[in-house]
Amino acid sequence: IGLIETYYFTEDFIDLIKKCSKYKFIIIGRSKKSNISQYIECNKLNIEYYTNLDSFKLMDYVKKCKYILCRRYPFQTKRFTGAISLGITFHKILIIQEKYNCGYKTPSIIFKEKYTEIIDELNNITDEEYNDKVNKMIKYSIELREKNKYNMSNIIKEIKSNIILK
């Protein structure tokens, strides 16, 4: 989900797609160049590519997916990405690089440097293991929402008390 360019299709990414052939990879993004579809077709990759989706279509695809794959370094250089918030909101298991999950600590499938590190885990996960991860994500999401409500309440109280004092 997000910006995608042909140079994101590294050997590591392509290996993940080809070796996890039981999964359909859906890329929802935008591109500065227009040759992503041709690249996918030429390389016979198990990918559906969508661009310029409205929010409702995006949500429909997210609801249907099992995982959300987060870009890895060097293609993701900041700790926050909208893919994380979509995963948490829709209770989807994130596939995320360890260094980007350290602040969130989401129940995710974690890789250190390369996507290919988690091929066996993806191919061999049982329904019970998957459902356990989803339940952990649901619990995480609820706890995070409650924590955020509490924090926002305190911020509002602080703002109100500062306004009254002035």
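One structure accompanies this document, and this report is about it. Quantities reported herein were computed from a predicted structural model and do not represent experimental measurements. (Residues numbered from 1 in each chain as written. Predicted model: local features only at pLDDT ≥ 70, side-chain atom pairs only at ≥ 80, totals over all residues. Heavy atoms only, no water.)

## So, unusual backbone geometry
With glycine set apart, most residues show a phi of negative sign, and most peptide bonds adopt trans. Inclusion rule: Counting from the N terminus, the helices are the DSSP runs of H or I reaching at least four residues and the strands are the DSSP runs of E reaching at least two. Throughout, exposure labels follow a simple rule: accessible area from a 1.4 Å probe, protein chains only, divided by the maximum for the residue type, with under 20% read as buried, over 50% as exposed, and the rest as partly exposed.
Although it is not a glycine, histidine 91 adopts a positive phi angle of roughly 55 degrees. With respect to the helices and strands, histidine 91 occurs in the loop between helix H4 (82–89) and strand S5 (93–97). For histidine 91, a relative accessible area of 24% corresponds to the partly exposed category. Of note, the phi angle at lysine 105 is positive, near 55 degrees, even though the residue is not glycine.

## Quick word on the nonpolar core
Here is the rule: Buried Ala, Val, Leu, Ile, Met, Phe, Trp, Tyr and Cys residues that are joined via side-chain atoms within 4.5 Å together make up what is termed a nonpolar core. In what follows, a contact means two residues having at least one pair of non-hydrogen atoms within 4.5 Å.
Core analysis: the largest hydrophobic core is formed by 42 residues, its most contacted members being Phe9, Leu16, Ile47, Tyr67 and Leu122. In contact with tyrosine 67, not counting residues within four places along its chain, are Tyr23, Ile93, Ile95, Ile109, Leu122, Ile125 and Tyr130.

## Brief notes about the environment of lysine 114
Along the chain, lysine 114 falls in the loop between strand S6 (108–111) and helix H6 (119–124). In the structure, lysine 114 is positioned 98 residues away from leucine 16 in sequence and 9.2 Å away in space, judged by C-alpha atoms. Residues contacting lysine 114, with those up to four places away along its chain left out, are Asp12 and Arg72.

## A few points about the packing of aromatic side chains
Heads up, the rule is: Aromatic rings from Phe, Tyr and Trp, taking only the six-membered ring of Trp, are treated as a pair when their centres fall within 6.5 Å; an angle between ring planes under 30 degrees marks them as stacked, one over 60 as edge-to-face, and anything in between as tilted. The rule for a charge over a ring is simple: NZ of Lys or CZ of Arg within 6 Å of the ring centre, and within 35 degrees of the ring normal.
The tally for this structure, following the rule as stated, stands at 6 aromatic pairs. Of the aromatic side chains, those joined through ring pairs into one cluster are Phe9, Phe13, Phe111 and Tyr115. Here lysine 64 stacks its cationic end above the ring of tyrosine 61, 5.9 Å away from the centre of that ring. Above the face of the tyrosine 130 ring, lysine 66 is positioned so that its terminal group lies 4.4 Å from the ring centre.

## Considerations on the pattern of salt bridges
Defined as follows: Salt-bridge detection follows one rule: a side-chain nitrogen of Lys or Arg within 4 Å of a carboxyl oxygen of Asp or Glu.
Throughout the structure, instances matching the rule amount to 5 salt bridges. A salt bridge links lysine 139 to glutamate 143, with the shortest nitrogen-to-oxygen separation between them at 3.9 Å. With lysine 139 and glutamate 143 both in helix H7 (residues 127–165) and 4 residues apart, the pair spans about one turn of that helix. Using a relative accessible area of 54% as the deciding quantity, one classes lysine 139 as exposed. A relative accessible area of 46% means that glutamate 143 is categorised as partly exposed. For lysine 149, the salt bridge identified is with glutamate 146, shortest N-O distance 3.5 Å.

## Some words on the sheet that holds strand S4 (residues 67–69)
Rule in force here: At least two DSSP bridges between two strands are needed for those strands to be called paired. Simply put, an axis is a line fit to the C-alpha atoms, just over the touching stretch for a helix, and the angle between two N-to-C directions goes from 0 to 180 degrees.
What the 3 strands build is an open sheet, ordered S4-S5-S6; its pairing is parallel. Of all strands in the sheet, those with a lone pairing partner are S4 and S6, marking the two edges. Strand-to-strand, the axes of this sheet are offset by a mean angle of 20 degrees, without reference to chain direction. Where S4 lies against S5, 3 bridges are found, and the strand directions are parallel. Counterpart to tyrosine 67 in the pairing with S5 is isoleucine 93. In the packing of H4 onto the sheet, contacts are made with S4 and S5, and the angle to S5 comes to roughly 150 degrees.

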